[in-house]
Amino acid sequence: QVQLVESGGGLVQAGGSLRLSCAASGRTISSWAMGWFRQAPGKERDFVAGIGWNGVEYADSVRGRFTISRDNAKTTVYLQMNSVKPEDTAVYYCAVRRGPVHTDSVLYDYWGQGTQVTVSS
């Protein structure tokens, strides 16, 4: 079992910045991929960014504004969100999977509870 705990969400003005964190515990996941997804009300859960042994990947909607990173112990993943927009408002979820980064949420094995990000215009 892997437990994931997200933090760092909140209310931010458009154009501002926010940093999300996700701490993993329960077992060694150094070779696993870690990713961020988001879900806005009434919409599907979408891939945002991922990091793994095969590199990093971003959704087109956040590329150039968001940066994903991971600590040396590979137990914590971060999402630096810059130049945020109202359309970035969503619940952000951290997830992990055995294997490389993938954009399909069904391929992830464990999920956090989510953290709300609200961007005001």
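Here, the structure is the one placed above.
Notes on the structure follow.

Reading the values: rules and limits
Residues numbered from 1 in each chain as written. Predicted model: local features only at pLDDT ≥ 70, side-chain atom pairs only at ≥ 80, totals over all residues. Heavy atoms only, no water. Core = buried A, V, L, I, M, F, W, Y, C linked by side-chain atoms within 4.5 Å. Buried < 20%, exposed > 50% of the residue type's maximum accessible area, 1.4 Å probe, protein only. Helix = DSSP H or I, 4+ residues; strand = E, 2+ residues; numbered from the N terminus. Salt bridge = Lys/Arg side-chain N within 4 Å of Asp/Glu carboxyl O. Contact = heavy atoms within 4.5 Å. Polar contact = N/O pair within 3.5 Å; in protein donor to acceptor, adjacent residues only side chain to side chain. Pairing = 2+ DSSP bridges.

Regarding the nonpolar core
By size, the foremost hydrophobic cluster in this structure holds 36 residues, and its most contacted members are Trp36, Leu79, Met81 and Tyr92. Listed by contribution, the elements that provide at least two residues to this core are β3 (18-25), β4 (33-39), β5 (45-52), β7 (66-70), β8 (76-81), β9 (90-97) and β11 (115-120). The greatest single-element share of this core, amounting to five residues, is contributed by β9.

Re the pattern of salt bridges
In this structure the tally under the stated criterion is four salt bridges. Its salt-bridge partner being arginine 38, residue aspartate 88 comes within 2.9 Å of it at the nearest N-O pair. Taken together, the positions of aspartate 88 in the loop between β8 and β9 and arginine 38 in strand β4 put the pair 50 residues apart, joining distant regions of the chain. The same class applies to aspartate 88 and to arginine 38, which are both buried. Owing to a relative accessible area of 0%, aspartate 88 belongs among the buried residues under this scheme. The network of salt bridges with common partners includes Arg38, Arg65 and Asp88.

Remarks on the environment of glycine 15
Summarising the element assignment, glycine 15 is placed in the loop between β2 (10-13) and β3. Glycine 15 gets classed as exposed once you look at its relative accessible area, which sits at 53%. Once the C-alpha coordinates of glycine 15 and serine 121 are considered, the two residues, 106 residues apart in sequence, prove to be 8.8 Å apart. What glycine 15 contacts, discounting residues up to four positions off in sequence, is Ser83 and Val84.

A look at the side chain of glutamate 6
Relative to the helices and strands, glutamate 6 is located in strand β1 (residues 3-7). Of the polar contacts made by the side chain of glutamate 6, one reaches the backbone nitrogen of cysteine 94; its length is 2.8 Å. Engagement of the side chain of glutamate 6 in a polar contact is seen with the backbone nitrogen of glycine 114, the distance being 2.9 Å. Excluding residues that lie within four positions of it along the chain, glutamate 6 makes contacts with Ser21, Cys22, Trp36, Tyr92, Tyr93, Cys94, Gly112, Gln113, Gly114 and Thr115.

A few points about the side chain of aspartate 88
Here the side chain of aspartate 88 touches arginine 38 through a polar contact of 2.9 Å, side chain to side chain. If sequence neighbours within four positions are ignored, aspartate 88 has contacts with Arg38, Arg65, Phe66, Val117 and Val119.

Some words on the pairing of β4
Two faces, one strand: in a regular strand the side chains alternate between the faces of the sheet. The buried fraction of β4 is high, at six of seven residues. Of the pairings in the sheet, the one linking β4 to β9 comprises seven bridges and is antiparallel in character. Paired with glycine 35 across the two strands is alanine 95, which belongs to β9. Of the pairings in the sheet, the one linking β4 to β5 comprises six bridges and is antiparallel in character. Following the sheet pairing, tryptophan 36 is matched in β5 by alanine 49. Here β4 folds back onto β5, and the loop between the two strands holds five residues, one of which, glycine 42, carries a positive phi near 75°.

Function cannot be read off these values alone, since they describe shape.
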